[in-house]
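Okay, here's what each chain looks like letter by letter:
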Amino acid sequence: MKLTVNDTTIHCDIRGDGEPLLMMHGGLGLDHAYLRPFFERLGGHRQIYYDHRGSGHSDAPDDWSKVTFDTFTADANALREQLAGGRAAVFGHSYGGFIAQKYALAHGETLRGLVLCATASNLADYPPVMPGSTTPEQQAAFGEIFSASMKDDASWRRLWATALPMYFHDGENKTTAAAMKAMEAATTFRAAAWNHSFGLLAEYSVKDRLGEIRAPALILAGRHDFVLPPAYAEDLHRALPNSELVMFENSGHFPFIEEPDKFIDALGNWLSKLP
């Protein structure tokens, strides 16, 4: 499904029935495809998946310099208005969690609940700590991803596939390895979106404003997340006035892949209690 919001066209995919749940993927420069297989069995909610502006199958802007976090939150709010009408719960994973927090601050009156998964309120407090199992090739790929612009979509795909096992607690697990392979195959990689989103991170911090978010919040984190360590989740829990924290002891950056049953149970139970 393609929807025109603001000045662009956004690709959406709606699954399930019930209360609306707006799904914000990470990346940027990835798309929502990696989320969908693990959330479609979530009952009682109509999942509204979409690709952020310039990511996946959504249109790219003519001028990236005009795209800010405010742009992404405005797109999300326009989608909510068209597809949900009233209030909605919002789920944000990784970079999508950055956007979700910005959305909560700008449009808090529209929120039934806020779910923040493997994300942070800023990026200055806890630097990544490389897993002990990291190979030289993985470390080199990670360094290139976070220190240089992607040359093209193919380079972005290759580097992401090389570094991806670092994001899991047990990348050698057969189920996890299969999920990684499927994720890489299903994803549409957009280097320009990643390059721009990385530039926006220099100005990203909502740490001092979290107390303004009054909606119920659920924070979900993997104990072995090296890129956004669990201390960020603990800080979110302390700062958000109406929050709960669930830590997944056998997961890295993708707890819904490594501990899917526990994850869906925790998320589903929490969502079922929202007013």
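Here, every reference points to the structure presented above.
Rules and cut-offs
Residues numbered from 1 in each chain as written. Predicted model: local features only at pLDDT ≥ 70, side-chain atom pairs only at ≥ 80, totals over all residues. Heavy atoms only, no water. Pairing = 2+ DSSP bridges. Helix = DSSP H or I, 4+ residues; strand = E, 2+ residues; numbered from the N terminus. Axes fitted to C-alpha atoms, helices over the stretch in contact; angles between N-to-C directions. Contact = heavy atoms within 4.5 Å. Expected span 1.5 Å × (residues − 1). Buried < 20%, exposed > 50% of the residue type's maximum accessible area, 1.4 Å probe, protein only. Arc of directions from axis to C-beta. Core = buried A, V, L, I, M, F, W, Y, C linked by side-chain atoms within 4.5 Å. Salt bridge = Lys/Arg side-chain N within 4 Å of Asp/Glu carboxyl O. Phe/Tyr/Trp six-rings, centres within 6.5 Å; stacked < 30°, edge-to-face > 60°. Parallel < 35°, antiparallel > 145°, perpendicular 65-115°, else oblique. Nonpolar A, V, L, I, M, F, W, Y, C, P; charged D, E, K, R; others polar. Left-handed = near helix turned anticlockwise from the far one by under 90°.

## Section: the sheet that holds strand E7 (residues 217–222)
Read from one edge of the open sheet, 8 strands run E1-E2-E4-E3-E5-E6-E7-E8, paired in mixed fashion. Only two strands of the sheet have a single neighbouring strand rather than two, namely strand E1 (2–5) and strand E8 (243–248). Averaged over neighbouring strand pairs, the angle between their axes works out to 25° when direction is ignored. Relative to strand E5 (residues 88–93), helix H3 (residues 95–106) is tilted by about 145°, and along the sheet it contacts strand E3 (19–24), E5 and strand E6 (111–117).

## Re helix H10 (residues 260–272)
The terminal C-alpha atoms of H10 lie 18 Å apart, and with 13 residues this matches the ideal 18 Å at 1.5 Å per residue to within 8%. Turning to H10, its buried residues are Phe263, Ile264, Ala266, Leu267, Trp270 and Leu271. Down the axis of H10, the buried side of the element spans an arc of 160°, and every buried residue falls inside it.

## Examining the nonpolar core
One finds Phe39, Tyr167, Phe254 and Phe263 to be the most contacted residues of the largest nonpolar core, which totals 93 residues. Residue contributions to this core peak at 7 residues, all from H3. Beyond its immediate stretch of four places on either side in the chain, Phe263 contacts Phe39, Phe91, Cys117, Leu220, Phe248, Pro255 and Phe256.

## Digging into H3
Over its 12 residues, H3 extends 17 Å from the first C-alpha to the last, a length consistent with the 16 Å expected when each residue adds 1.5 Å. When you tally the buried positions in H3, you get 10 out of 12 residues, the bulk of the element. Here H3 has its buried residues at Tyr95, Gly96, Gly97, Phe98, Ile99, Ala100, Gln101, Tyr103, Ala104 and Leu105. Contacts from the buried residues of H3 go to E3, helix H2 (69–83), E5, E6, helix H7 (191–200) and helix H8 (230–239).

## Some thoughts on the pattern of salt bridges
The final tally for this structure, using the stated rule, is 15 salt bridges. The partner of Arg36 in a salt bridge is Asp13, with the nearest N and O atoms 3.1 Å apart. A residue pair is termed long-range when its members are at least 10 positions apart, and Arg36 in helix H1 (residues 36–39) and Asp13 in strand E2 (residues 8–15) qualify at 23 residues. A relative accessible area of 21% places Arg36 in the partly exposed class. With its nearest N and O atoms 2.8 Å apart, the salt bridge here joins Glu184 to Arg157.

## Comments concerning the environment of Ile48
Tracing the backbone shows Ile48 in strand E4 (residues 45–50). For Ile48, a relative accessible area of 1% translates into the label buried. Remark: the alpha-carbon pair of Ile48 and Met23, spanning 25 residues in sequence, is separated by 5.8 Å.

## Side note on the pairing of E1
Here E1 shows a clear split, with Leu3 and Val5 buried on one side and none of Lys2 and Thr4 buried on the other. With 4 bridges connecting them, E1 and E2 associate as antiparallel partners. Bridge pairing in E2 links Val5 to Thr8. Taking the residues between adjacent antiparallel strands as the criterion, E1 and E2 are bridged by 2 residues, where Asn6 takes a positive phi near 55°.

## Quick look at the packing of aromatic side chains
Considering all chains together, one arrives at 26 aromatic pairs under this definition. Note on Phe39 and Phe256: the rings are 5.3 Å apart at their centroids and 55° apart in plane angle, and the pair reads as tilted. With Phe39 in helix H1 and Phe256 in helix H9 (residues 255–258), this pair connects stretches of sequence that are 217 residues apart. In terms of burial, Phe39 and Phe256 fall into one category: buried.

## Re the packing of H2 against H3
When two helices pack together, their arrangement is given by the angle between the helix axes and by the axis-to-axis distance. At a closest axis distance of 9 Å, the pairing of H2 and H3 adopts a crossing angle of 75°. Regarding the angle of H2 to H3, the classification is roughly perpendicular. Taken together, the residues of H3 that come into contact with H2 (itself represented by Phe69, Phe72, Thr73, Ala76, Asn77 and Arg80) are Tyr95, Phe98, Ile99, Lys102 and Tyr103. Here the contact of H2 with H3 is composed, by residue class, of 7 nonpolar, 2 polar and 2 charged.

## Things to note about the packing of helix H4 (residues 136–147) against helix H5 (residues 153–163)
Taken N-terminus to C-terminus, the directions of H4 and H5 make an angle of 135°; their axes are 8 Å apart at the nearest point. Put simply, H4 runs oblique to H5. Between H4 and H5 lies a crossing of left-handed hand. Where H4 approaches H5, its residues Glu137, Gln138, Ala141, Phe142, Glu144 and Ile145 are matched on the opposing element by Trp156, Leu159, Trp160, Thr162 and Ala163. Its residues assigned to classes, the contact of H4 with H5 comprises 7 nonpolar, 2 polar and 2 charged.

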